[in-house]
Amino acid sequence: MTRKALDEYNSQDWVQAALYMNKNEYNRMRRIARRAGLIDSANLHNIQMNTVSEIAQYERAVSGGIDAFNKQLEEWQDETITALRANIRALGIKGDELYNSLIPTRRTNKYGEINRLGFSFARHGIFIYKGARRGYGGRQGSRWSYRKKTKNGVINTSIMRETNRESLGRLSQSRMPERDWFNPVIEARLQKLADICVNYSDTMIIDATKIFIRR
């Protein structure tokens, strides 16, 4: 079967690639896509579960508890997405694009144990969070591939767009309210994730520094 071109990849394609592709090949594809402006790394947020000891990873692999652990993490992600969607509705955020775009992402180590999980979502979820709107960009701006809505869904036109230079640095002047639809939900659910990890292995360290949307 012929592999899709990178400009045809949707969120679900990237999830599948992260799960099943060789790690080096996956990272190479992501770098190419970022340089081409096809993806924005800012809308992919993840948590890493690290273990310093290789021996500890191997012992967990032979203990037979990986499947149950992975299932608990997947359930945590599903519950978190449900909570995020409820918060989107509670904040009165209009439309279904952000609501429907939330997708769980995860990676596994060589033993099949999930060691990274997170969420991807539509690019404008960052703008909603920061209170941005047309004509009021951040300091650096960004580039992206224009996606057009049709009756059959959203298609990637491969037309590259970038932040209007006249709007750069004007974010603080926007009168749109900031709507923190993401961070409070994640923060409230981190303790449950920590409990799952500690009950599974007391040598596992959670790194949640890359999960939150930064202001």
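Residues numbered from 1 in each chain as written. Predicted model: local features only at pLDDT ≥ 70, side-chain atom pairs only at ≥ 80, totals over all residues. Heavy atoms only, no water.

Q: Before we go on, may I ask you to explain the overall build of the protein chain in this structure?
A: Each helix and strand in the protein chain was counted, giving seven helices and six strands. Across the 215 residues that make up the protein chain, the buried fraction comes to 38%. Restricting to contacts in the protein chain with at least 6 residues of sequence separation, those with at least 24 account for 71%. Carbon and sulfur atoms provide 48% of the accessible area of the protein chain, an area that totals close to 13,200 Å². (Helix = DSSP H or I, 4+ residues; strand = E, 2+ residues; numbered from the N terminus. Buried < 20%, exposed > 50% of the residue type's maximum accessible area, 1.4 Å probe, protein only. Contact = heavy atoms within 4.5 Å. Areas by Shrake-Rupley, 256 points an atom, 1.4 Å probe, with all protein chains shown as cover.)

Q: Just to check I follow, could you spell out the nonpolar core for this structure?
A: Considering soluble globular proteins, one finds that nonpolar side chains tend to be buried as a cluster. Formed by 31 residues in total, the largest nonpolar core has its most connected members in Ile47, Trp181 and Phe182. Counting only elements with at least two residues in this core, the list comes to strand E1 (44–51), helix H4 (66–90), strand E3 (114–120), helix H6 (124–130) and helix H7 (183–200). Sequence-distant contacts of Ile47, that is, excluding residues within four places in its chain, are made with Trp76, Asn115, Arg116, Leu117, Leu190, Leu193, Ile206, Asp207, Ala208 and Ile211. (Core = buried A, V, L, I, M, F, W, Y, C linked by side-chain atoms within 4.5 Å.)

Q: What is the right way to read the packing of aromatic side chains from this model?
A: Think of a pair of aromatic rings as described by two things: how far the centres are apart, and how the planes are tilted against each other in angle. Scanning the model with the defined rule gives six aromatic pairs in all. The interplanar angle of 65 degrees and the centroid separation of 6.4 Å between the aromatic rings of Tyr58 and Tyr111 together place this pair among those described as edge-to-face. Taken together, the residues Tyr58 in helix H3 (residues 54–63) and Tyr111 in the loop between strand E2 (103–108) and E3 connect sequence positions 53 residues apart. When its relative accessible area of 48% is taken as the criterion, Tyr58 is described as partly exposed. Judged by its relative accessible area of 26%, Tyr111 is partly exposed. Linked through ring pairs, Phe121, Trp181 and Phe182 together constitute an aromatic cluster. Seen from the ring of Tyr99, Arg85 lies directly overhead, with NZ or CZ sitting 5.2 Å from the centre. Lying over the aromatic face of Tyr99, Arg89 brings its terminal NZ or CZ to 4.0 Å of the ring centre. (Phe/Tyr/Trp six-rings, centres within 6.5 Å; stacked < 30°, edge-to-face > 60°. Lys NZ or Arg CZ within 6 Å of the ring centre and 35° of its normal.)

Q: Help me understand the side chain of Asn70 in this model?
A: Within the secondary structure, Asn70 is located in helix H4. Relative accessible area serves as the criterion here: at 10%, Asn70 is assigned to the buried category. A polar contact is formed between the side chain of Asn70 and the backbone nitrogen of Ile114, at a distance of 3.0 Å. Not counting residues up to four positions away in its chain, the partners in contact with Asn70 are Gly112, Glu113 and Ile114. (Polar contact = N/O pair within 3.5 Å; in protein donor to acceptor, adjacent residues only side chain to side chain.)

Q: How should H4 be read in this particular structure?
A: Working note: α-helix, 3.6 residues per turn, so residues spaced by three or four point in the same direction. The end-to-end C-alpha separation of H4 is 36 Å, in line with the 36 Å expected for 25 residues at 1.5 Å each. Of the residues making up H4, those classed as buried are Ile66, Phe69, Asn70, Leu73, Trp76, Gln77, Thr80, Ile81, Leu84, Asn87 and Ile88. Remark: Gly92 follows H4 within two positions and exhibits a positive phi of approximately 75 degrees. (Expected span 1.5 Å × (residues − 1).)

Q: What am I meant to see in the environment of Arg106 here?
A: Note on placement: Arg106 falls in strand E2. In sequence terms Arg106 and Phe119 are 13 residues apart; their C-alpha atoms lie 8.4 Å from each other. Side chain to side chain, Arg106 and Gln77 meet in a polar contact 2.8 Å long.

Q: What is the right way to look at the confidence of the model for the protein chain in this model?
A: As a note on interpretation, predicted positions should not be read in detail where pLDDT is low. Here the protein chain shows a mean pLDDT of 75. Residues at 70 or above account for 63%. Mean pLDDT values over the elements of the protein chain span from 54, in strand E4 (residues 143–150), up to 95, in H4. Of the regions scoring below 50 in pLDDT, residues 132–138 engages in 23 contacts with residues more than four places distant in sequence or in other chains. Confidence drops under pLDDT 50 across residues 167–174; counting only partners more than four residues distant or on other chains, this segment forms 26 contacts. (pLDDT = per-residue confidence, 0-100.)

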